[in-house]
Amino acid sequence: MAPKLTPEEIVTLQVLKDRGQSQTQIAQTLGITEGAVRYHLRRQGKQDGRKNKPQKAAPLAPAIDHWVVQHHPGAHGGDPDRPISVQALYDWLQAEHGYAGSYKSVLRFVRARYPKPRLRPFRRVETPPGAQAQVDWGEFAGIDIGDGAQLLYGFVLVLSHSRKEVLIWCRRMDQLAWHHAHTEAFRRLGGIPAVLRIDNLKTGVVRGAGPWGQRNDAYRSYARALGFHIDACLPRCPEDKGKVENAELLAWDQRRLCPATGETVAASWQAEQSRLRPLPARLPVPFDVAVTRTVQRDCTVSFEGRVYSVPFRCCGRAVEVRGGAEVVQVLHDGQVIAEHPRHSRQRLLLDPAHYDGPGDDRVAAPTPLGKLGRRLQEIIAQPVEQRPLDLYAALAEVAR
């Protein structure tokens, strides 16, 4: 099909032809093909027969008018400037009138018969320092972080004033990961903004949308504990929340300018930090599972089908094991005494430091490792690709 030219380009084409230019020269001048030049020259003085072609949906015009009156958003107290749903109209015509035409035929009829909705501009505002931040998720497939290619989720939080961004990587996008990502983002920002503007995700809004939606109870409790207000975006209003992007964040901060201050994002963020709500002395670590376990004689506890080491001085004591978004924490007397990765492929996770140090009146120190044992632990701690291929030779050097 020949490209559609503007009326000015068609006049230019005819003028160039009248001046004796070849079709090749005309095509090069206008940036089109020679076939397009030939087509438009043949069309000179002819009417486009497609303009007066009858529309398939025209016989159903009374039914369409009735449907539009009944289903227009403005008829039910909604926004009168919102367009009707052509897809819903098309489905209704098929079901009620056996309409055999295409969706595009209905779309063309509606566009020709009904006026376009008014343009709805949106207000551009700037927020004071520390007042607001925006959060969003991004999906990234095929990321290999040592366990093979997998789908990772990027949680991005952006301060609305200085445009300072932080990116938190998560393996999941559930309620626990949502809270964990918030906590890590606040830690990196060095404070907590007064308001967080969010999309209508189920981790934030369980029913409805926007200011009238019902907040997720767990998220509301988390927000109350840290002292920020939840502000959900209006539905179908992408301009309510600025675009959140993934980038080389630190390098960007030094190059990009903050529109509100004219300084770099890095400098604006430093100035904004004093306006953020101070971080509590200890940020909460969200967890979804908490169980009590007794530390075994080998200084380990079992949790979710895996075995984790703890400091040997807790041998025989009852400890609390919590499953967080990324880590398993072991607590005794309210203090974290051990921390290991959660959901790892390994089923046995040992920290050699948990077996070191002096004993006390209740528990004696484990027998120290010999040279051979220490060398074995050093090899285990190395990445797989850095471990010696000839283990016999590596251990023989120590045994001499």
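Up top is the structure.
The following paragraphs examine the structure supplied in this document. (Residues numbered from 1 in each chain as written. Predicted model: local features only at pLDDT ≥ 70, side-chain atom pairs only at ≥ 80, totals over all residues. Heavy atoms only, no water.)

Some points on the sheet that holds strand β2 (residues 149-159)
Convention followed: Note on pairing: two strands pair once DSSP finds at least 2 bridges between them. A run of H or I in DSSP counts as a helix once it spans at least four residues, and a run of E counts as a strand once it spans at least two, with each numbered from the N terminus. The convention used is that axes are lines fitted to C-alpha atoms, helices contributing only their stretch in contact, and that angles between N-to-C directions extend from 0 to 180 degrees. Any two residues whose heavy atoms approach within 4.5 Å at even a single point are treated as in contact.
Across the sheet, 5 strands lie side by side as β3-β2-β1-β4-β7; this open sheet has mixed pairing. Edge strands, defined here as strands with exactly one partner in the open sheet, are β3 (165-170) and β7 (229-232). Averaged over all neighbouring strand pairs, the angle between strand axes comes to 30°, with direction disregarded. Along the sheet, helix α7 (residues 175-189) contacts β1 (132-144), β2, β3 and β4 (195-198); its crossing angle with β3, the most-contacted strand, is approximately 145°.

Let's talk about the packing of aromatic side chains
Test applied: Between 30 and 60 degrees the pair is tilted, below 30 it is stacked and above 60 it is edge-to-face, where a pair is any two Phe, Tyr or Trp rings, Trp via its six-membered ring, whose centres lie within 6.5 Å. Summary of the burial criterion: residues with accessible area below 20% of their type's maximum are buried, those above 50% are exposed, and those between are partly exposed, where the area comes from a 1.4 Å probe applied to protein chains only. Either the NZ atom of lysine or the CZ atom of arginine qualifies as a charge over a ring when it sits within 6 Å of the ring centre and within 35 degrees of the ring normal.
Going through the model one piece at a time under the given rule, you end up with 11 aromatic pairs. With 5.9 Å between their ring centres and 80° between their planes, Tyr-90 and Tyr-103 make a pair best called edge-to-face. Linking Tyr-90 in helix α5 (residues 86-97) with Tyr-103 in helix α6 (residues 103-113), this pair joins segments that are 13 residues apart in sequence. The class for Tyr-90 is buried, based on a relative accessible area of 12%. For Tyr-103, a relative accessible area of 30% puts it in the partly exposed group. Here the aromatic rings of Trp-137 and Trp-178 are separated by 6.2 Å at their centres, their planes lie at 35°, and the arrangement is tilted. Placement of Trp-137 in strand β1 and of Trp-178 in helix α7 is noted, with a sequence separation of 41 residues between them. Classification of Trp-178 by relative accessible area gives buried; the value is 1%. Among the aromatic side chains, those forming a connected cluster through ring pairs are Trp-137, Tyr-153, Phe-155, Trp-178, Phe-186, Tyr-219, Tyr-222 and Phe-228. A cation over a ring is seen here: Lys-164 above Trp-269, with NZ or CZ 4.4 Å from the ring centre.

What about unusual backbone geometry?
Although it is not a glycine, Arg-163 adopts a positive phi angle of roughly 70°. If you check the backbone angles, Cys-299 has positive phi at about 65° while not being a glycine. Position of Cys-299 among the secondary structure elements: in the loop between β8 (287-294) and β9 (300-303).

A closer look at the pairing of β3
For β3, the buried fraction is high: 5 of the 6 residues fall into the buried class. Pairing of β2 with β3 involves 6 bridges; the strand directions are antiparallel. The residue bridging Val-158 from the neighbouring strand is Glu-165, located in β3. Connecting β2 to the next strand, β3, in antiparallel fashion are 5 residues, including Arg-163 with a positive phi near 70°.

Focus on the side chain of Ser-105
Note the cut-off: Polar contacts, as counted here, are pairs of nitrogen or oxygen atoms within 3.5 Å of one another; within protein the pair requires one atom able to donate a hydrogen and one able to accept it, and residues that are adjacent in sequence qualify only if both atoms are side-chain atoms.
Of note, Ser-105 is situated in helix α6. Within the structure, Ser-105 has its side chain in polar contact with the backbone oxygen of Ser-102 (distance 2.5 Å).

Remarks on the pairing of strand β10 (residues 306-309)
Pairing between β9 and β10: 4 bridges, direction antiparallel. Bridge assignment links Phe-303 to a residue of β10, and that residue is Arg-306. Strand direction decides the pairing type here: β10 and strand β14 (residues 348-349), joined by 2 bridges, are parallel. Residue Val-307 lies in a different strand from β14, and its bridge partner there is Leu-348.

Considerations on the sheet that holds β9
Paired through backbone hydrogen bonds, the strands of a sheet run either parallel or antiparallel to each other. The mixed open sheet is built from 3 strands, whose spatial order is β9-β10-β14. If you trace the sheet from one side to the other, it starts and ends with β9 and β14, each paired once.

A short note on the pattern of salt bridges
Note the cut-off: A side-chain nitrogen of Lys or Arg and a carboxyl oxygen of Asp or Glu constitute a salt bridge if their distance falls within 4 Å.
For the structure shown, the criterion picks out 8 salt bridges. Close ionic contact of Arg-172 with Asp-174 constitutes a salt bridge, the shortest N to O distance being 3.3 Å. For Asp-174, a relative accessible area of 31% corresponds to the partly exposed category. Across the salt bridge formed by Arg-220 and Asp-217, the nearest N and O atoms sit 2.7 Å from each other.

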